Amino acid sequence: MKKVVLIMLSVFLFSACNNAEKKEADVKEEVAVNTKEIKEEIPELSIYNLPSTWTTQDNENIQLEDLRGNVLVMVMIYTSCKAACPRLIADMRNIEKQMPEEYLDKTKFIMVSIDPETDTPQRLNSFAKENVMEDDHWMFLRGTPEDTREFATVLAVSYKQISPIDFSHSNIISVFDEDGVLVHQQEGLGVDNTETVEAIKTEVSN
């Protein structure tokens, strides 16, 4: 009888150990999966990896990651520009007009200032009102000169101050997916924006 009890006890302990090991293995696997998800949460090439802080035309501080979940259409301008920037803004408006109304809820049209010293939040706010760009899908951003330069490099936008009030700069409109990864760029002024519009629609509908 004692032998039977010992055998049963051994079987019970063996089973308990196996269950404990299985639970431990399940926990380790879950931790590994969660860790992987955290690492993959932001793609390596995403602009959301940039730690910079930006100020909007409403004087609110945000990080780029706060925009996650939206398709971003971005251009770099400065408000005192009298040559290329008004045409870039016209191109952005043209793209916006081709978006179905329901798409605009998932799209942000963002103007990033290359002249943050002049383009204060108050100035950006006034500029937005003057140009009737006050809907939620329009956003103006300014950052530090260093963060602005870094961001321009990411967008392959070059700019240079050529006088106290003037800059020479690239004319590029960039489209980012919901995870902040660059998917399309349009270069030039007044060019055919069919491909840009289709790129935005594709990302919004994904």
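Just above sits the structure.
Here, residues in each chain are numbered from 1, in the same order as that chain's written sequence. The model is predicted, so local features are restricted to residues of pLDDT at least 70 and side-chain atom pairs to those at 80 or more, both for listing and for counting; the totals for chains, interfaces and linings are taken over all residues. Water and hydrogen atoms play no part in the side-chain values, which are based on all heavy atoms of the structure.

## Section: the overall build of the protein
Piece 1. Secondary structure elements follow DSSP: runs of H or I of four or more residues count as helices, runs of E of two or more count as strands, with numbering from the N terminus. In terms of regular secondary structure, the protein is built from six helices and nine strands.
Piece 2. Contact definition: two residues touch when any of their heavy atoms are within 4.5 Å. In the protein, the share of contacts with a sequence separation of at least 24, taken over all contacts with a separation of at least 6, comes to 67%.
Piece 3. Residue exposure ignores everything except the shown protein chains as possible cover, and the areas themselves are Shrake-Rupley values with a 1.4 Å probe. Summed over all atoms, the accessible surface of the protein reaches about 12100 Å², with 52% contributed by carbon and sulfur.

## A closer look at the environment of Ile173
Piece 1. By the element assignment, Ile173 lies in strand β8 (residues 172–176).
Piece 2. In the structure, Ile173 is positioned 84 residues away from Ile89 in sequence and 9.9 Å away in space, judged by C-alpha atoms.
Piece 3. If sequence neighbours within four positions are ignored, Ile173 has contacts with Val73, Met74, Val75, Leu88, Asp91, Met92, Ile95, His184, Gln185 and Gln186.

## Section: the pairing of strand β4 (residues 107–113)
Piece 1. Across the seven residues of β4, seven count as buried, placing the element largely inside the fold.
Piece 2. Each residue gets one of three labels from its accessible area relative to the maximum for its type: buried under 20%, exposed over 50%, partly exposed in between, using a 1.4 Å probe on protein chains only. Neither face of β4 is open: one carries Thr107, Phe109, Met111 and Ser113, the other Lys108, Ile110 and Val112, and all of them are buried.
Piece 3. Strand pairing is assigned whenever DSSP detects at least two bridges linking the two strands. Strand direction decides the pairing type here: strand β3 (residues 71–77) and β4, joined by seven bridges, are parallel. Bridge pairing in β4 links Ile77 to Ser113.
Piece 4. Sheet topology note: the β4/strand β5 (residues 138–142) ladder contains four bridges and is parallel. The partner of Ile110 across the bridge, within β5, is Met139.
Piece 5. You can see the chain leave β4, run along helix α4 (residues 121–130) and come back into β5, and the turn it takes is right-handed. Handedness of a crossover is defined as follows: with both strands directed away from the viewer, a clockwise route from the first strand across the helix to the second makes it right-handed.

## Details of the packing of aromatic side chains
Piece 1. Each Phe, Tyr or Trp ring, with Trp reduced to its six-membered ring, pairs with another whose centre is within 6.5 Å; inter-plane angles below 30 degrees give stacked pairs, above 60 give edge-to-face pairs, and intermediate values give tilted ones. Tallied over the full model, the rule gives five aromatic pairs.
Piece 2. Where Trp54 meets Phe151, the ring centres are 5.6 Å apart and the plane angle is 65°; that geometry is what we call edge-to-face. On the criterion of sequence distance, the pair formed by Trp54 in strand β1 (residues 53–56) and Phe151 in helix α5 (residues 145–154) is long-range, its members being 97 residues apart. Taken as a pair, Trp54 and Phe151 share a single burial class, namely buried.
Piece 3. Grouping aromatic residues by their ring pairs yields a cluster made of Tyr78, Tyr159 and Phe167.
Piece 4. One cation-aromatic arrangement involves Arg149 over Tyr159; the distance from NZ or CZ to the ring centre is 3.8 Å. Criterion for a charge above a ring: Arg CZ or Lys NZ at most 6 Å from the ring centre, at most 35 degrees from the ring normal.

## Digging into a negative patch on the surface
Piece 1. Only residues whose relative accessible area exceeds 30% and that form no salt bridge enter a patch; like-charged residues are grouped when within 9 Å of one another, and nonpolar side chains (Val, Leu, Ile, Met, Phe, Trp, Tyr) when within 5 Å. A pair is scored as a salt bridge if a Lys or Arg side-chain nitrogen falls within 4 Å of a carboxyl oxygen belonging to Asp or Glu. In this tally, Asp and Glu contribute negative charge and Lys and Arg positive charge; neither His nor the terminal groups of the chain are included. Charged groups are reduced to one reference atom each: NZ for lysine, CZ for arginine, CG for aspartic acid, CD for glutamic acid. On the surface, Glu101, Glu102, Asp105, Glu134, Asp135 and Asp136 cluster together into a patch of negative charge.
Piece 2. Here Asp105 is to be found in the loop between α3 (101–104) and β4.
Piece 3. Residue classification places Asp105 among the exposed positions, given a relative accessible area of 65%.

## Comments concerning the sheet that holds strand β2 (residues 61–63)
Piece 1. With respect to topology, seven strands assemble into an open sheet ordered β2-β1-β5-β4-β3-β8-β9, the strand pairing being mixed. The open sheet terminates on both sides in strands that have one partner only, identified here as β2 and β9 (182–187). Taken pair by pair, the neighbouring strands of this sheet meet at an average axis angle of 30°, ignoring direction.
Piece 2. As judged from the two bridges shared by β1 and β5, these two strands associate in the antiparallel manner. Working convention: axes come from line fits to C-alpha atoms, limited for helices to the stretch in contact. Angles between N-to-C directions cover 0 to 180 degrees.

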